[in-house]
Amino acid sequence: MHVSNHPLWLVGFRPFFTLACLAGMLLPVLWALIFSGHLPAPESPFTSVQWHAHEMFFGFGWAVLGGFLLTSTKNWVNIRGYHGLALMWLAAAWIIERIGMSFGGTWSMPLFLLVNNLFLGSIIAMLLWTLIRHRNQDSYRDNAFFMVLLPAFLVAKYLMLAGGDFTAGYSMAIALFRLAFLVMLERTLTGFMKAAFQAQILRHPVLDMAIKLLGLLLVIEFVLPRALTAAISLLLATLLAIRFFYWKPQLAFRRIDVGIMYVGYLAIVGQLLIEALGHVMSFVWVGSVSVHLFTFGAMGCVIPAMIIRISKGHTGRKVVFEGHDRAILYIMLGALIVRIAAPQIAPAGYLVWIYLSATCWLVAFGLLAWRTVPMLLQPRIDGREH
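Notes on the structure follow. (Residues numbered from 1 in each chain as written. Predicted model: local features only at pLDDT ≥ 70, side-chain atom pairs only at ≥ 80, totals over all residues. Heavy atoms only, no water.)

A few points about the nonpolar core
- Ranked by internal contacts, the top residues of the largest apolar core, which has 135 residues, are Phe60, Trp62, Leu150 and Phe153.
- Top element by residues in this core is helix H7 (residues 166-197). It accounts for 20 residues.
- Once residues within four sequence positions are removed from consideration, Phe153 is found in contact with Phe58, Trp62, Leu65, Leu120, Ile124, Ala173, Leu176 and Phe177. (Core = buried A, V, L, I, M, F, W, Y, C linked by side-chain atoms within 4.5 Å. Buried < 20%, exposed > 50% of the residue type's maximum accessible area, 1.4 Å probe, protein only. Helix = DSSP H or I, 4+ residues; strand = E, 2+ residues; numbered from the N terminus. Contact = heavy atoms within 4.5 Å.)

Notes on the pattern of salt bridges
- In the structure shown here, the tally under the stated rule is 19 salt bridges.
- Here Glu322 ties to Lys312 by a salt bridge, and the two come within 3.1 Å at their closest N and O atoms. Taken together, the residues Glu322 in the loop between helix H12 (289-313) and helix H13 (323-345) and Lys312 in helix H12 connect sequence positions 10 residues apart.
- A relative accessible area of 42% means that Glu322 is categorised as partly exposed.
- Between Asp382 and Arg380 there is a salt bridge; the shortest N-O distance is 2.7 Å.
- For Asp382, a relative accessible area of 38% translates into the label partly exposed.
- Residues joined in a network through salt bridges with shared partners are Asp142, Glu186, Arg187, Arg203, Asp208, Lys212 and Arg243. (Salt bridge = Lys/Arg side-chain N within 4 Å of Asp/Glu carboxyl O.)

Brief notes about unusual backbone geometry
- A positive phi angle, near 60°, is found at Asn78, a position not held by glycine.
- Here Asn78 shows up in the loop between helix H2 (48-77) and helix H3 (85-103).
- Accessibility expressed as a relative area gives 67% for Asn78, which makes it exposed.
- At Gln198, a residue that is not glycine, the phi angle is positive and equals roughly 50°.
- The topology assignment puts Gln198 in the loop between H7 and helix H8 (205-217).

Re the environment of Phe181
- Within the fold, Phe181 resides in helix H7.
- Expressed as a C-alpha distance, the spacing of Phe181 and Met299, which sit 118 residues apart in the sequence, is 8.5 Å.
- Apart from residues lying up to four places away in sequence, Phe181 is in contact with Ile268, Phe294, Ala298, Met299, Val302 and Ile303.

Considering the state of the cysteines
- Tallied over the full model, the rule gives 0 disulfides.
- In this structure Cys21 is a free cysteine whose sulfur lies 16 Å from that of Cys301, the closest cysteine sulfur available.
- With no disulfide of its own, Cys360 has Cys301 as its nearest cysteine by sulfur position, at a separation of 11 Å.
- Judged by relative accessible area, Cys360 falls into the buried class, the value being 14%. (Disulfide = S-S within 2.5 Å.)

Here's the deal with helix H1 (residues 13-35)
- In a regular helix each residue adds 1.5 Å, so 23 residues correspond to 33 Å; H1 covers 32 Å between its end C-alpha atoms and thus fits that length.
- Maximum bend of H1: about 30°, positioned at Ala23.
- Looking one or two places after H1, you find Gly37, whose phi comes out positive at around 85°. (Expected span 1.5 Å × (residues − 1). Bend = angle between axes of the 7 residues up to and from the residue.)

Some points on helix H9 (residues 226-246)
- Between its first and last C-alpha atoms H9 spans 31 Å; for 21 residues at 1.5 Å apiece the expected length is 30 Å, and the two agree.
- The complete set of buried residues in H9 reads Thr229, Ala230, Ile232, Ser233, Leu236, Ala237, Leu239, Leu240, Arg243 and Phe244.
- The inward-facing, buried residues of H9 abut H7, H8, helix H10 (249-252) and helix H11 (256-280).
- One or two positions beyond H9, positive phi appears at Lys248, with a value near 55°.

Focus: the packing of aromatic side chains
- Applying the stated criterion across every chain yields a total of 25 aromatic pairs.
- Ring geometry for Phe57 and Phe177: centres 5.5 Å apart, planes at 25°, overall stacked. In this pair, Phe57 sits in helix H2 while Phe177 sits in helix H7, placing the two residues 120 residues apart along the sequence.
- Between Trp76 and Tyr140, the ring centres sit 5.9 Å apart and the planes meet at 70°, which makes this aromatic pair edge-to-face. On the criterion of sequence distance, the pair formed by Trp76 in helix H2 and Tyr140 in the loop between helix H5 (118-133) and helix H6 (144-161) is long-range, its members being 64 residues apart.
- Taking relative accessible area as the criterion, Tyr140 reaches 32% and is therefore assigned partly exposed. (Phe/Tyr/Trp six-rings, centres within 6.5 Å; stacked < 30°, edge-to-face > 60°.)

Details of the side chain of Arg178
- The residue Arg178 is located in helix H7 in this model.
- Buried charged residue Arg178 carries no salt bridge. Nearest counter-charge: Glu221, at 4.2 Å.
- Apart from residues no more than four positions distant in its own chain, Arg178 is found in contact with Leu218, Glu221, Ile268, Gln271, Leu272 and Phe294. (Lys, Arg positive; Asp, Glu negative; His and termini not counted.)

Geometry only, nothing functional implied.
Quick look at the structure:
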């Protein structure tokens, strides 16, 4: 078998969920060791905090988002999708970017920017080509949001790397991931609730569109007046909260595999409220609560459940959350509590909470890798090719 025909290279989720598990295991632990002074800071033109932020969004986050979109876009427009050498190139570019971000501090800026945009530039071009070329057969008309969202990630990355405004790029990256999660949760929870509980949840076109448009507007919050971004954040949080109660959470929380998606939804609401109130009131939080509520609450809780579901379903297996799968989700819920709530109660132990939350990621994503990577390396069990 030629290496490009190996099962790993048949569909986008296979290599990138493998890389996401690796990144989820290692990046938080590396950061904890750097933060505590046990490891030297990466050889990068940025502070170690900026390196950590970039790698969690564009390393871990984009391994997940890339794997998800490479798989879902082909299904949305009903085509074969990228495979073989195209996926090998993207995976290699992702790895090269991680090397560049950690060891490229002495490189010339043109070389540094080239290496650190190979992956994102390539995958966004490929995804946009799929969506634009096959627009007429796209099953989701609101994929227009992805046509705006995807190139905007390149702007956010440029601002973080070379644009001289890391804070603006960082703010933009959070808003873009938040919008991607809002679109994804809207689409998936409708099906999950129907499958798990035979329940219909509210889908109102005007409300759904207002939520996505407000989320899109917050992508440029760094150029808007603070009072306006506070108002937009508060309005978006309010609309999301209203919709939440119509999405039957009392049912969803009966099952961890569905309930954890609702935890991610609530984390987005909480993050928006903290951002809104932070613009007009002075709160004293221990640690970066707003961003970590999103990264631990939305990304950290939703992503493992999504990886389990997609890895099983798209390899021909029945989507059932077994004991180890549920344990992964409970560990990530623990990580959320340890990283957000514990420092507010016992701030003196801040470094302990950093270590403990990073250890939760190591254990959870290690378990996730043990559970899913063997599936990703083998052919589908139902005899289908991809």
